[in-house]
Amino acid sequence: MLIKYLTSIIIMQVNYLNLGRGFTYVEFDYIHRVDWTYRASNYEFNYNVLESYINEPENYALEFAILKVNNKATLKSILGIIRSDANVKEIIKTTPLNAGYPKRVSIVLKVKLDNSTRLKAYRLGGIEVKDIITNGVENWGFALPSLSEVNRLKQYLEMGGEIKEMRVRRVNADDLIYMTSYSKLTPFLSRGELRVLRTAYELGFFNEPREATLSKVADELGLSTTTVNYEIRRGIYKLLTLILRGGNQYYDY
């Protein structure tokens, strides 16, 4: 379902902006002092928003995210911080995605729009490319119509927190689709899988004809061919599962 909606959402939003002019992409790290993320800054975790939905008339947004933690105590603490935060209306659902730790948990939040970075960017005509929180630091990426909207967003952000670093560049529609897809899919891969897949791709392992052997990829990474083969197969399996799962589950009406 994620993949099914991803392209259609991007296309609709891209059509809203000006395809010919391209987009101003801004990425920044943000200490959000009026959000639950700031209270969780003493913990080691990763929270990656896969999709969001804004209902401005009713003052809430839905977040569909993957929470990654290393142990049970951290999971309990993070969920407690989220549940008790004034900006969170409800934890709608949590679902463990794997046994043991490190653990990935899918989580659906209903949050208020007060002090919302997402809402401000939305009102400025922005497309949300990524929202990744690592150890309490928010890393956002938005495609905005021009530098003028970037400056207005920056002014708003400075009222509720501290911008650690802001990076701006021009992108086109193709860039935007690749960037958004990357941010949605990579949370499902382990660091090892992502590292091996990236290296294999860059060396030409997936090219036709193949430009690198499994041994060459293994040598580049300093790993055994058995480990590299496992990481590649496991990573591809996860990506195919995301793309193909539920693809034919439609009903007549």
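Residues numbered from 1 in each chain as written. Predicted model: local features only at pLDDT ≥ 70, side-chain atom pairs only at ≥ 80, totals over all residues. Heavy atoms only, no water.

1. Thoughts on the overall build of the chain
Along the backbone of the chain there are nine helices and eight strands. Burial analysis of the chain (253 residues in total) assigns 45% to the buried set. Accessible area for the chain stands at about 14,400 Å²; split by element, carbon and sulfur atoms hold 51% of it. (Helix = DSSP H or I, 4+ residues; strand = E, 2+ residues; numbered from the N terminus. Buried < 20%, exposed > 50% of the residue type's maximum accessible area, 1.4 Å probe, protein only. Areas by Shrake-Rupley, 256 points an atom, 1.4 Å probe, with all protein chains shown as cover.)

2. As for a nonpolar patch on the surface
Residues Tyr201, Phe206, Ile236, Leu240, Ile243 and Leu244 make up a contiguous nonpolar surface patch of roughly 600 Å² in combined accessible area. The element best represented in the nonpolar patch is helix H9 (residues 225-244), accounting for four residues. Looking at the element boundaries, Leu240 is found in helix H9. (Patch = residues over 30% accessible without salt bridge, like charges linked within 9 Å, V, L, I, M, F, W, Y side chains within 5 Å. Salt bridge = Lys/Arg side-chain N within 4 Å of Asp/Glu carboxyl O.)

3. Observations regarding the layout of surface pockets
Of the voids in this model, the second largest pocket is the one considered here, and its volume is about 740 Å³. If you go around the second largest pocket, you meet 25 residues; those closest to its centre are Asn46, Lys68, Arg104, Leu189 and Arg191. When contributions to the lining of the second largest pocket are tallied by element, the ones reaching two or more residues are strand S1 (23-32), strand S2 (45-55), strand S3 (60-69), strand S5 (103-112), strand S6 (127-134), helix H6 (173-185) and helix H7 (191-203). Tallied by class, the residues present in the lining of the second largest pocket amount to ten nonpolar, eight polar and seven charged. (1 Å grid on protein atoms, 1.4 Å probe; cavity = no way out; pocket = protein on both sides within 12 Å on 5 of 7 lines; lining within 4 Å. Points joined across faces, edges and corners; volume = space filled by probe spheres on them. Nonpolar A, V, L, I, M, F, W, Y, C, P; charged D, E, K, R; others polar.)

4. Some thoughts on the pattern of salt bridges
If you walk through the whole model with that rule in mind, you get twelve salt bridges. Ionic pairing is found between Arg167 and Glu27, a salt bridge with its closest N-O pair at 3.2 Å. You can see Arg167 sitting in strand S8 (residues 161-171) and its partner Glu27 sitting in strand S1, a full 140 residues away along the chain. Here Arg167 makes a salt bridge to Asp29, at a shortest N to O gap of 4.0 Å. Of this pair, Arg167 sits in strand S8 while Asp29 sits in strand S1, and the two are 138 residues apart along the sequence. The network of salt bridges with common partners includes Glu27, Asp29, Lys130, Glu165 and Arg167.

5. Re the packing of H7 against H9
The geometry of H7 relative to H9 is characterised by a closest axis approach of 9 Å and an angle of 100° between their N-to-C directions. For the element pair H7 / H9, the angle class is roughly perpendicular. Taken together, the residues of H9 that come into contact with H7 (itself represented by Gly192, Glu193, Val196, Leu197 and Ala200) are Val228, Glu231, Ile232, Arg234, Gly235, Ile236, Lys238 and Leu239. Residue composition of the contact of H7 with H9, grouped by class: seven nonpolar, two polar and four charged. (Axes fitted to C-alpha atoms, helices over the stretch in contact; angles between N-to-C directions. Parallel < 35°, antiparallel > 145°, perpendicular 65-115°, else oblique. Contact = heavy atoms within 4.5 Å.)

6. Brief notes about the confidence of the model for the chain
Looking at the chain, the pLDDT average stands at 89 and 89% of residues meet or exceed 70. Highest mean pLDDT in the chain belongs to helix H3 (residues 72-84) (98); lowest belongs to helix H1 (residues 2-16) (47). A low-confidence stretch, residues 1-16 stays under pLDDT 50, and its non-local contacts, those more than four residues away or across chains, total 21 contacts. (pLDDT = per-residue confidence, 0-100.)

7. Re H7
Side chains that are three or four residues apart share a direction in an α-helix, a result of its 3.6 residues per turn. For H7, with 13 residues, the first-to-last C-alpha span of 18 Å sits near the 18 Å given by 1.5 Å per residue. Those residues of H7 lying buried are Glu193, Val196, Leu197, Thr199, Ala200 and Leu203. Across the axial projection of H7, the buried residues extend over an arc of 165°, all falling on one side. Facing away from the buried surface of H7 by more than 90 degrees, the exposed residues are Arg191, Tyr201 and Glu202. (Expected span 1.5 Å × (residues − 1). Arc of directions from axis to C-beta.)

8. Structural notes on unusual backbone geometry
The linkage connecting Tyr101 with the following residue, Pro102, adopts the cis geometry, with an omega of 0°. Secondary-structure assignment places Pro102 in the loop between strand S4 (88-96) and S5. Across the junction of Glu208 and Pro209, the peptide omega takes the value 5°, indicating a cis bond. For Asn59, which is not glycine, the phi dihedral falls at a positive 60°. Following the sequence through the fold, Asn59 ends up in the loop between S2 and S3. The backbone of Asn135 sits at a positive phi, close to 55°, despite the residue not being glycine. Within the element layout of this structure, Asn135 appears in the loop between S6 and strand S7 (137-144). For Asn135, a relative accessible area of 29% gives the class partly exposed.

9. Some points on the packing of aromatic side chains
Applying the stated criterion to the full structure yields six aromatic pairs. Ring centres of Phe205 and Phe206 lie 5.2 Å apart, and the angle between their planes is 85°; on these two criteria the pair is classed as edge-to-face. Grouped by ring-pair contacts, the aromatic residues Phe28, Tyr30, Trp140 and Phe142 constitute a single cluster. Over the face of the ring belonging to Tyr101 we find Lys103, whose NZ or CZ atom lies 4.9 Å from the ring centre. (Phe/Tyr/Trp six-rings, centres within 6.5 Å; stacked < 30°, edge-to-face > 60°. Lys NZ or Arg CZ within 6 Å of the ring centre and 35° of its normal.)

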